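Read off the chains here:
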Amino acid sequence: MSRIYPVEAYSYASRFNLREVEAWLPPDRGIRSTKTQLVVSLDGDRLAYLFDFGAIVFVNVPDAERESIVGTFNKKLPQEPHPPLRESFLVEVRSGSAVEVRFDRVVVPDVDPITLDVIATVLAQSVAIDYYDEDVQAILDRVGAVAGDVAREGRTLGRTRDFVRFVGTAMASQVEIITAISLLDKPDLTWENEAADRLHDKLRNNLEIQERHKALEIKLSTIRETLQTLIEFSQTRRMVFLEAAIVALIVFEIVLSLLKLN
């Protein structure tokens, strides 16, 4: 006989201030916290994990209760570009079984706080990577469009101020994403518990966290290199303009001198 615990993970664009979001949760709930996450006992074995990189993971929480909490976050985070991304998973508790990670679930002999912490952390990282990948792809598309304009026209279209603003926005987005991705490291609890470490590695391999992380880094590297090239191109164009202006001034002075001599 086995029990099934549904797990639902949500990722937002916003980073969470954990002290602030704690007030958005139902009152009089058991809460334990670290610097990077809150674990909220909604009642019995119904849990919510909140991570400061902008993810919520619900374990065994009914749809209505989960949707109520998500609805509160959606209202409190008005700057979100679209609804949060969502990822579903299952925890199957089967007494006496070995730990097994499958395509849509993890099978464990029993549940304890450390096991659930590991599962929630990896699921939060997985859904967060999906969100970061959307953001990076959007930046890459914009950079590609500007590079295409340069290839076709030999210059960036629009005003210089707009180009500078675009470069600044893209660079700021990169910094924010890189900072967030750095939070996807192994949690401390895996260094202290061998079973937790093995489960963590199995889940990360199953969800291809490392491969997806590397793909993000490649995209970010492409964006950095393209922006650097565009900046150098823009600087070269300005230098050519200044040199042309200087030559024109020299010619103008020569012409004026000749006219005076005549």
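J.: Explain the pairing of strand β4 (residues 46-51) here, please?
T.: Strand residues, when the strand is regular, have side chains that alternate between the two faces of the sheet. Summarising burial for β4: five of the six residues are buried, a large majority. The pairing of strand β3 (residues 37-43) with β4 spans six bridges and is classified as antiparallel. Bridged to Val-40 within β4 is Ala-48. Where β3 hands over to β4, the hairpin turn is made up of two residues, of which Gly-44 adopts a positive phi near 65°. Two strands pair when backbone bridges link them, and β4 and strand β5 (residues 55-59) are joined in this way by five bridges, in the antiparallel orientation. Bridge assignment links Tyr-49 to a residue of β5, and that residue is Val-57. Hairpin geometry of β4 and β5 is characterised by an intervening segment of three residues between the two adjacent antiparallel strands and by a positive phi of about 100° at Gly-54.

J.: Looking at this structure, I do not really get the packing of aromatic side chains. What am I missing?
T.: Considering all chains together, one arrives at six aromatic pairs under this definition. When the ring of Tyr-10 is compared with that of Phe-58, the centres are 5.8 Å apart and the planes differ by 85°; the resulting orientation is edge-to-face. Of this pair, Tyr-10 sits in strand β1 (residues 2-11) while Phe-58 sits in strand β5, placing them 48 residues apart in sequence. Measuring from ring centre to ring centre gives 6.3 Å for Tyr-12 and Phe-73, while their planes differ by 35°; the resulting arrangement is tilted. Highlighted residues: Tyr-12 in the loop between β1 and α1 (18-22) and Phe-73 in helix α2 (residues 63-76), separated in sequence by 61 residues. In terms of burial, Tyr-12 and Phe-73 fall into one category: buried. Ring-pair connections join several aromatic residues into one group, and the members of that group are Tyr-12, Phe-16, Trp-24 and Phe-73.

Conventions we followed
- Residues numbered from 1 in each chain as written.
- Predicted model: local features only at pLDDT ≥ 70, side-chain atom pairs only at ≥ 80, totals over all residues.
- Heavy atoms only, no water.
- Buried < 20%, exposed > 50% of the residue type's maximum accessible area, 1.4 Å probe, protein only.
- Helix = DSSP H or I, 4+ residues; strand = E, 2+ residues; numbered from the N terminus.
- Pairing = 2+ DSSP bridges.
- Phe/Tyr/Trp six-rings, centres within 6.5 Å; stacked < 30°, edge-to-face > 60°.

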